[in-house]
Amino acid sequence: MPSGKRAKQQRRVAAPPPVRGKAGVGGARQASPKTLAIAGGVLLLVILAVVLAIVLTQNNSTGGSTDGSYDGPTIHVVKGTPATGDSSNANALPDASGVATMFKGIPQKGFILGNPNAPVTLVEYIDLQCPVCQGFETTELQELLDKYVRPGKLKIEMKLWDIIDSNYPGIVDSLRGQKVTIAAAKQNKAFQFAEVLYNNQPFNGEGTGWMDDAMISNVARSIDGLKTSKFVTDANSEATATLIRQTDTYANNQPQFSGTPTFLLAKGDAAPKYYGTGSPAMDLSNLEPAINALLPKK
């Protein structure tokens, strides 16, 4: 079954009752010197707390290095992450070299994988914390690349859709997945990044906050040639936020898009048409005949 449709949730928080002072006899009350001293101490503590909060907020909003525990909307890299990723590095994730081989030699630009003039296009809407998407990407994609993408018959267009976060209040794994994969696309490495991320998705990890800075940094260090400083800047940019809003708005308003992965197919320059969502749509026994039907007749 595909992951569920984004739920529409609204929360209303009741305003606290107004605080009213109590006047003494003959006018306003005056505090004793002891009371004033205590109040001054409390005020000083409040000021220090505000200053500390501002400093921490500024540090977290810059996209700089952290210890890997921060998991808010802003993307960071942990201290010690190299400036450039390398799948052969001793600290790279174990599957990184295999992913590099998987995509080696296949043209990639932005969110498009394969020959830009391929006669058929497969558009995939995926959520980076979706376990069903993970199943497709790690079990079916390799064969699809070998049979159709490498020979120039098919190109794949990736669309990043957050449909899961709304099911888990306080969790932003899907949003973070969108941001980092869009940032990788700016360096033409979106498919490698997504594949390594899916290969390291924990079992039953949905809604657990697993896509923290440490995980993202480990993936970034494992992608050949990925410039981590540019990666962080692009992940946190307004252009990325705008693209996320546009994609989510469009996908959420398509009645047929019931979850991820959702697939569309297009022949030549024609507009993509909805093909299916989840299983059995993603099974190659069904997907391959649909692709073959759109290929030029010999």
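Please read these numbers as outputs of a predicted model, since none were measured by experiment. Residue indices begin from 1 for each chain and proceed along its sequence in written order. Per-residue local features of the predicted model are confined to residues with pLDDT of at least 70, and side-chain atom pairs are confined, for both listing and counting, to 80 or more; whole-chain, interface and lining totals are unaffected and use all residues. Derived side-chain values reflect all non-hydrogen atoms in the structure, with water molecules and hydrogen atoms excluded from consideration.

Draft legend 1. Representation of the overall build of the protein in the model. Secondary structure assignment for the protein yields 10 helices and eight strands. Relative accessibility thresholds used throughout: buried, under 20% of the residue-type maximum; exposed, over 50%; partly exposed, between the two (1.4 Å probe, protein chains only). By the burial criterion, 44% of the 298 residues in the protein qualify as buried. Within the protein, contacts between residues at least 6 apart in sequence are counted, and of these 75% link residues at least 24 apart. Accessible surface is estimated by sampling points in the Shrake-Rupley manner with a 1.4 Å probe; for residues, cover comes only from the protein chains shown. Accessible surface computed for the protein: about 15,800 Å², of which carbon and sulfur atoms make up 57%. For the purposes of this entry, the term helix denotes a DSSP run of H or I that reaches at least four residues, the term strand denotes a run of E that reaches at least two, and both are numbered from the N terminus. In this analysis, two residues are considered to be in contact whenever any of their non-hydrogen atoms come within 4.5 Å of each other.

Draft legend 2. How the structure looks around the sheet that holds strand 6 (residues 154-160). Strand order in this open sheet of six strands is 3-4-6-5-7-8, and the pairing throughout is mixed. Both edges of this open sheet fall to strand 3 (108-109) and strand 8 (273-277), since each of them pairs with a single strand only. In short, DSSP must find at least two bridges between two strands for them to pair. Two strands pair when backbone bridges link them, and strand 5 (residues 120-126) and strand 7 (residues 262-267) are joined in this way by six bridges, in the antiparallel orientation. Opposite Thr121, over in strand 7, you have Ala266 as the bridge partner. Note on method: axes are straight lines fitted to C-alpha atoms, helices fitted across the in-contact stretch only, with angles between N-to-C directions ranging 0 to 180 degrees. Contacts from helix 6 (residues 190-199) reach strand 3, strand 4 (112-113), strand 5 and strand 6, with the element oriented near 65 degrees to strand 6.

Draft legend 3. Focus on the side chain of Asp95. Take Asp95: it is sitting in the loop between strand 2 (77-78) and helix 2 (96-103). The convention is simple: Lys and Arg are positive, Asp and Glu are negative, and His and the chain ends are not counted. By definition here, a salt bridge exists when the distance from a side-chain nitrogen of Lys or Arg to a carboxyl oxygen of Asp or Glu is within 4 Å. Summary of buried charges: Asp95 has no salt-bridge partner, and the nearest side chain of opposite charge, Arg221, is 12 Å away. Contact partners of Asp95, with chain neighbours within four places excluded, come to Glu195, Val196, Asn199 and Asn200.

Draft legend 4. Representation of the pairing of strand 5 within the structure. In terms of burial, strand 5 is largely enclosed, as seven of its seven residues are buried. A two-sided burial pattern is seen for strand 5, the buried positions comprising Val120, Leu122, Glu124 and Ile126 on one face and Thr121, Val123 and Tyr125 on the other. As paired elements, strand 5 and strand 6 share seven bridges and run parallel to each other. Bridging across to strand 6, Tyr125 finds its partner in Lys159.

Draft legend 5. Fine view of the environment of Ala118. If you trace the backbone, Ala118 turns up in the loop between strand 4 and strand 5. Considering only alpha carbons, one finds Ala118 and Gly152, 34 residues apart in sequence, at a separation of 5.5 Å. Ignoring sequence-local partners within four residues, the contact set of Ala118 consists of Gly152, Lys153, Leu154 and Lys155.

Draft legend 6. Here's a closer look at the packing of aromatic side chains. Aromatic rings from Phe, Tyr and Trp, with only the six-membered ring used for Trp, were paired whenever their centres fell within 6.5 Å, and each pair was classed as stacked if the ring planes differed by under 30 degrees, edge-to-face if by over 60, and tilted otherwise. Taken as a whole, this structure holds eight aromatic pairs when the rule is applied. Where Tyr250 meets Phe257, the ring centres are 6.3 Å apart and the plane angle is 75 degrees; that geometry is what we call edge-to-face. In this structure Tyr250 comes out as partly exposed when scored by relative accessible area, which is 43%. Three or more aromatic residues joined by ring pairs make a cluster, and in this case those are Tyr125, Trp161, Tyr250, Phe257 and Tyr274.

Draft legend 7. Representation of the environment of Gln201 within the structure. Looking at where Gln201 falls in the secondary structure, it is placed in the loop between helix 6 and helix 7 (213-220). When its relative accessible area of 13% is taken as the criterion, Gln201 is described as buried. As for Gln201 and Cys130, which are separated by 71 residues in sequence, their C-alpha atoms are 9.1 Å apart.

Draft legend 8. Focus on the confidence of the model for the protein. Per residue, pLDDT captures the predictor's confidence, and it can take any value from 0 to 100. Per-residue confidence for the protein gives a mean pLDDT of 84, with 76% of residues at or over 70. Within the model, the stretch residues 4-36 combines pLDDT values under 50 with 23 contacts to residues more than four positions away or in other chains. Across residues 53-65, where pLDDT falls below 50, the model places 17 contacts with residues more than four positions away in sequence or in other chains.

Draft legend 9. Seen up close, helix 5 (residues 173-185). Multiplying one less than the number of residues by 1.5 Å gives the expected span of a helix. Across its 13 residues, helix 5 extends 18 Å between first and last C-alpha, which sits within 8% of the 18 Å expected from 1.5 Å per residue. Of all 13 residues in helix 5, 12 are buried; the element is thus mostly enclosed. Of all the residues in helix 5, the buried ones are Asp173, Ser174, Arg176, Gly177, Gln178, Lys179, Val180, Thr181, Ile182, Ala183, Ala184 and Ala185. Here the buried face of helix 5 lies against strand 6, helix 6, helix 7, helix 8 (228-235) and helix 9 (238-252).

Draft legend 10. The pattern of salt bridges, seen in detail. Tallied over the full model, the rule gives six salt bridges. With a closest N to O distance of 3.3 Å, Lys147 and Glu288 form a salt bridge. Of the two residues, Lys147 is situated in helix 4 (residues 141-149) and Glu288 in helix 10 (residues 284-292); the sequence distance between them amounts to 141 residues. The class of Glu288 is buried, set by a relative accessible area of 14%. With a shortest N-O distance of 3.5 Å, Glu157 and Lys159 are connected by a salt bridge. In this structure Lys159 comes out as partly exposed when scored by relative accessible area, which is 27%.

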